[in-house]
Amino acid sequence: MVIFAVHLHQVRIEVEADLCEDAPQPFNRVAVKHLAAILGHKDQMDVNLENAVPSVPNVVVIVHRLNIIKDMKRLQAFKYELIPTGEQRRRMSRFAGSCRFVFNKALALQKARYEQGEKKLGYAGLCKLLTEWRHSPETAWLANAPTHPLQQSLKDLERAYANFFAQRTGFPCFKKKGWGDSFRYPDPKQIKLDQGNSRIFLPKLGWLRYRNSREMLGTVKQVTVPASGGKWFVSIQTEREVEQPIPQGGAVGIDMGIARFATLSDGMFYAPLNSFKRHEGALRKAQQAMSRKVKFSNNWKKAKARVQKIHSRIGDTRRDYLHKCSTAISQNHAMVCIEDLQVRNMSKSAVGTLEQPGKQVRAKSGLNQSILDQGWFEFRRQLDYKLAWHGGHLIAVPPQNTSRTCPCCGHVSADNRRTQERFACVECGFEENADVVGAINILSRGMQKLRDERQDTSDASLGCASTARIACEVSGAVRPPAAGTRRSGSIRLNA
Ligand SMILES: [Zn+2]
C-alpha cells in the first residue's frame, strides 16, 4: 500500500509517494524520491472539473520498485538430541575435555607470553603447537580426539581475544568442566547425514542416532556437539537458497515491560514469562539438598544433576516462550519498532561503587533480575533474524520519554503517568493503557527514523532507476474524498 498526495486535476504531475505515513513498505524505503507518476488515464481525465471528484477514481500509477525478488542465502541451525551408546557418550565427554584442555593450555600460554612482554601467538602458531602437544608423551591422549574440533577450540580462543579487544566482552577465562561442554566439526566433507534413518556420522564417533524431531533443510556447513543438563545434542548449521520473501502485514511498535512481557501498539500483549520465579522454589530445595551432601560423594553428584536439570528446564521454557512470541510477531509484521534498551547497562549492579553508592538498590536489583529473567536481549536477537527471514525489518529507537509522551498531542510530562498501568494526558485528556501508549510512541519514532533515513538516502538512490522493473497498474481508491469537494487530500491506493 502506498500513499500519494495528489491534486486530481493535475495530469502528468510527478508526485512523491509517502511511504511512511501509515503503511510503510520498508523493503523499498531506499527508493527514489520521485517514486510515482500520475498519468493521464481516461478515468482520471474525467476529474478535470474544477470542483468535482468522482467517488471511486481510477488512477494509473507507474511505481518504480527495487528489484527485490532475488535469491538469498539463509543460514539456519537445526538442533537434535543425540541417543548415543555408552561408548559414544564416554568418547564425547573425552573429546569435549580435550577441547577444553587445549583451550585452557593455549590461554595460559598467551597469558604467560603477555607477562613476559612477548607478542600474542596467532592461530597458525597455536596450531603448530597443537601438533607438538599431540605428539609429546605427556599429552599423547590428545591424539585420540579428532583434530579439527581441537583446532576449533583454538579458533574460539582467537575469537574470545578479538571480542575482548573490541570491548564486547571481558578477558577470556579458563573453561570449567560441565560449563558449556561442546566441540565442533567444521568440515562438512567429514560428516554424513542419514535423515531417513535418523543418524549422523561424525569422525571418531561413528554413526550416532538422534531424535529426529523435524526435517533438516539445506546443506550441512558444520556440526556442533554440545552437552546440556546431562544430555548430548547435535546442532547442524545449514545453508540454503531461499527466495527473498515479501513481508506480510504492517508496522508495529513493541513496548517491553515487567508486568507484561511485550505490548504491541495495536493493543495485543504477551504475558510475562518469569520462568525463573516459577522454578525458584524447586531450585532452592534442590540446592539446599545438595549443600547437605558430602562434596564429591555419589549422593552429592546425584543432587547436583538434579540442580542442573532444573536449570536446563528454566532455560528450555524461556527459549520456547521467546521463540513462540518472536515467530508470531515476525510472521505478521513487515516492520517492528523496538526500544533500543541497553540491557547490559540496565542489568548492571545497582550497588554502585564505594564513592558513589547506588540508590534504591533493592528495587533496582529486583528489576534487573526480572529483565535478565525475561530474556529481552535474546528476544530482540530472535526478532531481528526472523524478521529478516520474512523480509521484514527491525528498527531500534531511542527509549527516552516513550512512556511519558502523549501520542495524541505530544505533551511530555511525568504527570501523564500517575500510576504504573494507566496513562492520562494532563493536556488533552487522552487515556490509554500505559504500555500501549509506550508502544504507539515507539512505533511513531520508528516511522520518524525511516523518514530521516529516506531523506539521507534519496540522493544516493537516484541511480536505482535502472533496477526499477515493476510497472504496476493500480486502480480504485480505498478512501475516496467526498464528492463535490476539491482537495489535495491523501488518496490511498492498493499497490
Ligand atoms: Zn495529550
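This text gives an overview of the structure that appears in the document. (Residues numbered from 1 in each chain as written. Predicted model: local features only at pLDDT ≥ 70, side-chain atom pairs only at ≥ 80, totals over all residues.)

What follows concerns the environment of Ala434. Residue position: Ala434 is located in helix α10 (residues 434-457). A sequence separation of 179 residues divides Ala434 from Asp255, and the C-alpha atoms of the two residues are 9.6 Å apart. Discounting chain neighbours no more than four positions away, the residues touching Ala434 are Ser403, Arg417, Gln420, Glu421, Arg422 and Phe423. (Helix = DSSP H or I, 4+ residues; strand = E, 2+ residues; numbered from the N terminus. Contact = placed C-beta atoms within 7 Å.)

Turning our eyes to something else, we now look at the packing of helix α2 (residues 86-115) against helix α4 (residues 147-165). Where α2 meets α4, the axes come as close as 9 Å, and the angle between the chain directions of the two elements is 40 degrees. With respect to each other, α2 and α4 are oriented oblique. Seen along the crossing, α2 lies across α4 with a hand that is right-handed. Side by side, α2 and α4 meet where Phe95, Ser98, Cys99, Val102, Phe103, Ala106 and Leu107 of the first sit next to Pro149, Leu150, Ser153, Leu154, Asp156 and Leu157 of the second. By residue class, the composition of the contact of α2 with α4 is 10 nonpolar, 2 polar and 1 charged. (Axes fitted to C-alpha atoms, helices over the stretch in contact; angles between N-to-C directions. Parallel < 35°, antiparallel > 145°, perpendicular 65-115°, else oblique. Left-handed = near helix turned anticlockwise from the far one by under 90°. Nonpolar A, V, L, I, M, F, W, Y, C, P; charged D, E, K, R; others polar.)

Next up on the list: the pairing of strand β13 (residues 251-256). When you tally the buried positions in β13, you get 6 out of 6 residues, the bulk of the element. The alternating pattern of β13 places Ala251, Gly253 and Asp255 and Val252, Ile254 and Met256 on opposite faces, both of which are buried. Both β13 and strand β16 (residues 335-339) contribute to a ladder of 4 bridges, which runs parallel. If you follow Ala251 over to β16, its bridge partner there is Met335. By the bridge criterion, 3 bridges tie β13 to strand β14 (residues 262-264) in an arrangement that is antiparallel. Along β14, the bridge assignment pairs Asp255 with Thr263. Counting the residues that bridge the hairpin from β13 to β14 gives 5 residues. (Buried ≥ 20, exposed ≤ 12 C-beta atoms within 10 Å, placed from the backbone. Pairing = 2+ DSSP bridges.)

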